Amino acid sequence: MSKKHVRRRSHSLSHREEDSPLGQFLLKAVDVGLAGCIFAVPLIMGGRQALGQLALIVLAVVVALAWTLRQSLSQHCSWRRSGAELLLLGGVLLILLQLAPLPVSIRQTLAPQTVRLLPLWNAVGPASGNLDVWDCITLTPGETQNGLAIFLAYALVFLVTVQRINAVSDVERLMRWIALSALAMASFGLLQLLTSNGKFFWFYEHPFTDTYNMAKGSFTNRNHFAHFLALGIGPLIWWMQHQHSHRKSSGEQRFGPSDDWNSLTQTMGMKGLAVGVVLFAGLLSLSRAGMLAMGLGVVIVLAVCFRTKALGIRSVAMLAGVSVLLAALLMINGFDRVSDRLDKISSGSVEEMDHGAGRRTIWATVCRAIPDFPILGAGVGSHSAVYPVYLERSLEMEYTHAESGPLQTLLETGVTGATLIAIGILFCAYWCLRGLRASDSKRITLCLGAIASALAVNVMHATTDFVWYVPGCMVLVAILAASACRLWQITHEQKGVAAPQWQTHRLVPVGVTALVVVAGGWMVLNRAGATVAEPHWDRYRMMSLASKQPETTSDDAEEVGLLDEEPADTSLEEVSRMIDELEEVVRWDPQRARPHFRLAAAYLRRFELTQAISDNAMPLTQIRDAAIVARNKSTPEEVDQWLTHALGERRGYLDAALEHTRKGLRLCPLAGEGYLYLAQLCFLTSAGDDQNKQAFIDQALRVRPRDGAVLLEAGREAWMAGDCQRGLEFWQKAFQVSREQQCQLCNLLAGRVSVAFILERFQPDLIGIRALEAAYRRLGEDQHAPELLTLFNELCRTHGLPPSDYHAARAWLDYELTEVRRVHGQLAVVEAQAMSGDEAADVWLEAGWVYQHLGESARWLQCANNAYQCDPNSYRIQYSLAKALAANGQFDQAEDHLRWCQQRRPDNPKLETVMREVVKQRIDQQSRTAASSSIPGEFPW
């Protein structure tokens with residue numbers, strides 16, 4: 001050993017010996033903080049929610065403060081360099097530059113598309129619509145601030161971990177913690193799956209996802225759960241064979257059994273069982289990318305073990321036993337589901353891997369957006385606000401992330417941020433590969449192999465998912481990267497090359513401590529309010545979804561979030577409860593745009609409900625138009641007095657909606673609904689006129705060109721302005737891009753124009769024709785009889801005909817509904833012919849239902865038979881087929897199918913009644929003459 005290396009060791013030992021009791025305590029605080037990052041943060045919903053992010057930030061700040069305070073107390077102040085300090089500083093400066101107010105000349109150079117997207121925010125005078133100037137790069141400043149706080153937490157954890165690791169044993173301790181954390185998460189995930197009540201931890205109900213059918217652990221997304229296990233599988237396999245490998249390297253020889261050897265075998269057996277549990281939980285997550293990531297991690301760590309000859313006979317036998325155990329567990333539970341997911345991977349079919357083309361659509365959309373934000377990006381956290389601008393077709397779901405870490409990084413931080421990320425990945429690769437090549441120690445090599453497997457898994461899985469945005473996973477990556485850096489340095493230290501360090505004055509750690517206090521205080525405050533607001537936001541979303549009853553759900557709620565617009569059918573009491581929850585959200589977390597928009601929508605809904613039962617029940621559109629006309633003839637004070645007198649306390653609801661709309665737009669100027677609200681409410685301000693109203697609509701169309709709500713409102717405004725052709729074009733686009741707007745347009749047009757006009761101009765598909773039929777059936781309900789008569793008489797006046805009575809209106813409605821159903825049946829048949837299996841059976845049943853109501857028994861029977869061919873073991877298909885057979889006079893066959901149904905549901909009284917009627921019809925048919933028996937019998941359905 002060289003003299004230089006001896007001096008370094010003696011200095012390190014003396015430095016530890018000089019630690020005061022307070023220094024020892026602070027060192028333990030660092031270790032506890034790192035353990036909390038490894039064990040606690042992933043358990044708090046994977047760190048995706050505000051509470052988990054707050055826990056990460058608090059732990060990171062505590063770790064950093066403990067280390068800097070310890071340095072302040074030390075006689076020798078030094079800072080071990082990793083080489084990544086400038087990289088982390090560059091990331092912080094990038095985010096700060098995105099948030100900084102900049103002159104328009106600089107913004108046109110760095111973010112030209114932002115200036116083009118927001119003409120109202122960059123105009124001067126009345127043309128600006130009274131909006132402020134948008135003077136920063138990021139398009140979501142609140143989310144970018146949150147991103148800065150999280151990034152600083154990762155940086156602090158990485159930097160302190162580099163300082164804390166003094167020897168290989170420190171790395172091994174961290175590796176054991178990561179392995180134990182993965183094992184604990186896998187065990188919890190399996191237990192939660194097997195005893196699931198749908199709630200996380202058996203008490204927390206998430207608005208968009210549950211714990212049925214697949215293992216998720218504390219992660220709301222199965223892919224992230226599998227990724228966390230993939231990060232831990234390398235350290236876990238290393239730990240399994242570590243004791244055996246360490247014993248071999250010590251040179252001990254055993255001839256025959258001994259207590260130590262038996263203990264070693266038992267220990268390896270328990271760790272092998274742990275590996276099996278983690279792999280089993282990862283497979284039951286049903287995450288295809290997660291399965292591939294775990295497989296890659298296993299291959300890399302085993303390859304390193306093989307290279308170092310660390311895989312002894314017992315290790316190989318143990319791995320074989322793990323494989324057998326895994327196969328047995330899968331045969332007991334989950335084999336069919338897991339094999340189906342693996343088959344889709346092995347098929348190599350893009351359609352099988354990405355059913356519905358959701359990921360491909362969002363990837364293509366992000367790729368179209370990236371060139372418009374080339375240098376600094378659109379702002380950290382801005383993806384969900386930016387991508388709808390570039391959609392070629394509307395999506396029924398909102399993609400909160402880009403389903404690809406590299407693509408989202410390019411969009412949000414531009415080439416600058418992507419370059420920093422690429423350099424960081426190269427740093428990690430260099431530390432691992434150079435350390436593996438330079439190491440003469442099997443102990444270090446095995447540690448580096450396990451770390452390399454985790455880091456490689458992280459990069460691979462990030463290409464098809466947004467795992468880089470999951471704090472519970474990325475904090476492990478930060479710790480593993482720091483471990484890789486230190487092991488690379490230790491390999492050189494063992495050869496007499498000391499790690500690069502900065503020797504500093506004692507006042508420097510004091511200044512750094514003060515900086516950490518200030519920055520850490522801001523970071524904690526940034527997430528503390530959001531943590532308090534989060535339960536209120538969850539309760540609002542639960543109420544909103546309960547009222548809306550969405551048809552579309554997703555197993556992966558984080559990659560796909562349901563749009564939670566204010567439901568149109570909520571009662572006044574429900575809206576009041578929602579407002580109470582949302583007011584608490586914006587009180588504690590005012591930097592989020594969406595709660596402000598939801599609150600504005602709720603106040604508008606409250607106004608509509610209270611205005612409808614008031615003495616002066618004018619709708620908002622009429623009030624707005626009257627106020628705009630009055631402002632051209634009266635003073636602003638007179639108009640305000642009239643509004644206050646006419647609306648009373650309801651004026652306050654509109655003022656509150658306008659206030660929260662403006663706050664929301666200042667946090668996200670790309671939110672199209674915000675400009676729609678401004679167009680509705682601009683009459684409340686002195687600048688409210690038709691020109692500003694149209695400017696807001698145009699701005700909404702610029703930032704949300706394929707948003708159904710924006711297109712619908714633009715069409716309504718154009719129609720009211722007398723430009724019917726332009727309004728119809730907007731409505732046609734809205735009908736084609738949005739299912740929700742299809743329903744609204746069908747309800748708006750049904751009864752006001754002919755069915756032939758709707759079919760010709762809007763060309764609805766099967767889903768659209770369902771909405772149109774539902775709209776006409778709604779008009780036929782008793783409570784809508786006055787509306788039906790009013791619409792019919794309006795049509796009569798339009799065509800120069802005298803008003804008529806309800807019977808004529810009803811006959812006209814029946815004719816229109818019949819025309820809709822004829823098209824419905826045709827579209828359903830075409831759709832069913834292109835499908836197979838259960839999906840085809842459902843559509844064949846739907847077509848049969850349509851022909852049943854059209855009175856076309858033969859076609860009904862044909863559709864029912866086709867459904868039966870697709871799924872012969874379905875109760876509802878057998879029952880529907882029996883009804884169709886009876887309607888066509890085939891009572892013998894109908895009776896056979898009904899008996900099959902009775903065997904499945906013997907206590908169904910309705911089924912008994914139907915069976916008796918069919919038997920009676922069969923007997924009557926047999927007693928008729930041969931001439932009359934060929935006529936199909938009547939059946940009362």
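None of the values given here were measured: they were computed from a predicted structure.

Right, let's get into the overall build of the protein chain. In terms of regular secondary structure, the protein chain is built from 40 helices and four strands. For the protein chain, the proportion of its 941 residues judged to be buried stands at 54%. Long-range contacts, defined here as pairs at least 24 residues apart, represent 74% of the contacts in the protein chain between residues at least 6 apart.

With that settled, the discussion passes to helix α30 (residues 724–737). Helical geometry note: an α-helix holds 3.6 residues per turn, so side chains three or four residues apart project in the same direction. For α30, built from 14 residues, the straight-helix expectation of 20 Å at 1.5 Å per residue is met to within 8% by its first-to-last C-alpha distance of 20 Å. Taken as a whole, α30 has its buried residues at G727, L728, F730, W731, A734, F735 and V737.

If you check helix α3 (residues 50–73), its first and last C-alpha atoms are 34 Å apart, about what 24 residues at 1.5 Å a residue would give, namely 34 Å. Taken across its 24 residues, α3 has 18 buried, putting it largely inside the fold.

To continue, consider the pattern of salt bridges. Inspection of the entire model under this criterion finds 34 salt bridges. Here R777 makes a salt bridge to E773, at a shortest N to O gap of 3.9 Å. Placement of both R777 and E773 in helix α33 (residues 766–779) is noted, with a separation of four residues, approximately one turn of the helix. A salt bridge links E895 to R922, with the nearest nitrogen and oxygen atoms 2.6 Å apart. Linking E895 in helix α39 (residues 891–904) with R922 in helix α40 (residues 909–927), this pair joins segments that are 27 residues apart in sequence. With respect to burial, E895 and R922 carry one shared label: buried.

The contact between helix α34 (residues 785–798) and helix α35 (residues 806–833) brings their axes to 9 Å, and the two run at 85°. Taken together, the axes of α34 and α35 are roughly perpendicular relative to one another. Touching A785, L788, L789, F792 and L795 of α34 are Y806, A808, A809, R810, W812 and L813, all from α35.

Mapped onto the fold, G414 is located in helix α18 (residues 405–438). With residues up to four places along the chain from it excluded, the contact list for G414 reads F373, P374, I375, L376, G377 and T409.

Positive phi values are uncommon outside glycine, yet L286 reaches one of about 60°. Residue placement: L286 occurs in the loop between α11 (259–284) and α12 (288–307). Looking at L286, the relative accessible area reads 7%, which means it is buried. Of note in the backbone geometry, E403 takes a positive phi value of approximately 60° without being a glycine. Tracing the backbone through its elements, the reader meets E403 in the loop between β2 (397–398) and α18.

Glancing now at the nonpolar core. By size, the foremost hydrophobic cluster in this structure holds 145 residues, and its most contacted members are L118, V386, L654, L670, Y675, F683 and Y776. Those residues in contact with L654 that lie beyond four places of it in its chain are L604, F607, L620, L647, L681, F683 and L684. The next biggest cluster of nonpolar side chains, apart from the first, holds 116 residues, and it includes L27, I237, W239 and L476.

Another aspect to go through is the side chain of K693. Mapped onto the elements of the fold, K693 is located in helix α28 (residues 690–703). What makes K693 buried here is its relative accessible area of 10%. Among the polar contacts made by the side chain of K693, one reaches the side chain of E717 at a distance of 3.4 Å.

Their axes nearest at 9 Å, the elements helix α37 (residues 857–870) and helix α38 (residues 875–887) cross at an angle of 150°. Considering the angle they form, α37 stands roughly antiparallel to α38. As α37 runs across α38, the sense of the crossing is left-handed. Taken together, the residues of α38 that come into contact with α37 (itself represented by S857, W860, L861, A864, N865, A867 and Y868) are I877, Q878, S880, L881, K883, A884, L885 and A887. Residues belonging to the contact of α37 with α38 are distributed by class as follows: 10 nonpolar, four polar and one charged.

Time to look at the packing of aromatic side chains. Following the criterion strictly, the structure yields 14 aromatic pairs and no others. Seen from their ring centres, F427 and W431 are 5.5 Å apart, and the 35° between their planes marks the pair as tilted. Taken together, the residues span about one helical turn, with F427 and W431 both in helix α18 at a distance of four residues. A residue is classified by how much of its surface remains accessible, and F427, at 22% relative accessible area, is partly exposed. Three or more aromatic residues joined by ring pairs make a cluster, and in this case those are F188, F201, W202 and F203. The ring of W177 has R173 lying over it, and the distance from NZ or CZ to the ring centre is 5.8 Å. Over the aromatic face of W537 sits the side chain of R592, whose NZ or CZ is 4.9 Å from the ring centroid.

Another point: a nonpolar patch on the surface. On the surface, L86, L89, L93 and L96 cluster together into a nonpolar patch covering about 410 Å² of accessible area. Mapped onto the elements, L96 comes out in helix α4 (residues 85–99).

A word on the environment of F280. Relative to the helices and strands, F280 resides in helix α11. When the C-alpha atoms of F280 and L190 are compared, they prove to be 8.6 Å apart, with 90 residues separating the residues in sequence.

With that out of the way, let us pick up the confidence of the model for the protein chain. Here the protein chain averages 84 in pLDDT, and 85% of its residues register 70 or above. Mean pLDDT across the elements of the protein chain ranges from a minimum in strand β4 (residues 561–562), with 38, to a maximum in helix α8 (residues 141–164), with 96. The low-confidence segment residues 247–259, where pLDDT is below 50, has seven contacts with residues more than four positions distant or belonging to other chains.

By the secondary structure assignment, V299 is in helix α12. The sequence separation of V299 and S453 amounts to 154 residues, and the corresponding C-alpha distance is 8.1 Å.

The rules behind the values
- Residues numbered from 1 in each chain as written.
- Predicted model: local features only at pLDDT ≥ 70, side-chain atom pairs only at ≥ 80, totals over all residues.
- Heavy atoms only, no water.
- Helix = DSSP H or I, 4+ residues; strand = E, 2+ residues; numbered from the N terminus.
- Buried < 20%, exposed > 50% of the residue type's maximum accessible area, 1.4 Å probe, protein only.
- Contact = heavy atoms within 4.5 Å.
- Expected span 1.5 Å × (residues − 1).
- Salt bridge = Lys/Arg side-chain N within 4 Å of Asp/Glu carboxyl O.
- Axes fitted to C-alpha atoms, helices over the stretch in contact; angles between N-to-C directions.
- Parallel < 35°, antiparallel > 145°, perpendicular 65-115°, else oblique.
- Core = buried A, V, L, I, M, F, W, Y, C linked by side-chain atoms within 4.5 Å.
- Polar contact = N/O pair within 3.5 Å; in protein donor to acceptor, adjacent residues only side chain to side chain.
- Left-handed = near helix turned anticlockwise from the far one by under 90°.
- Nonpolar A, V, L, I, M, F, W, Y, C, P; charged D, E, K, R; others polar.
- Phe/Tyr/Trp six-rings, centres within 6.5 Å; stacked < 30°, edge-to-face > 60°.
- Lys NZ or Arg CZ within 6 Å of the ring centre and 35° of its normal.
- Patch = residues over 30% accessible without salt bridge, like charges linked within 9 Å, V, L, I, M, F, W, Y side chains within 5 Å.
- Areas by Shrake-Rupley, 256 points an atom, 1.4 Å probe, with all protein chains shown as cover.
- pLDDT = per-residue confidence, 0-100.

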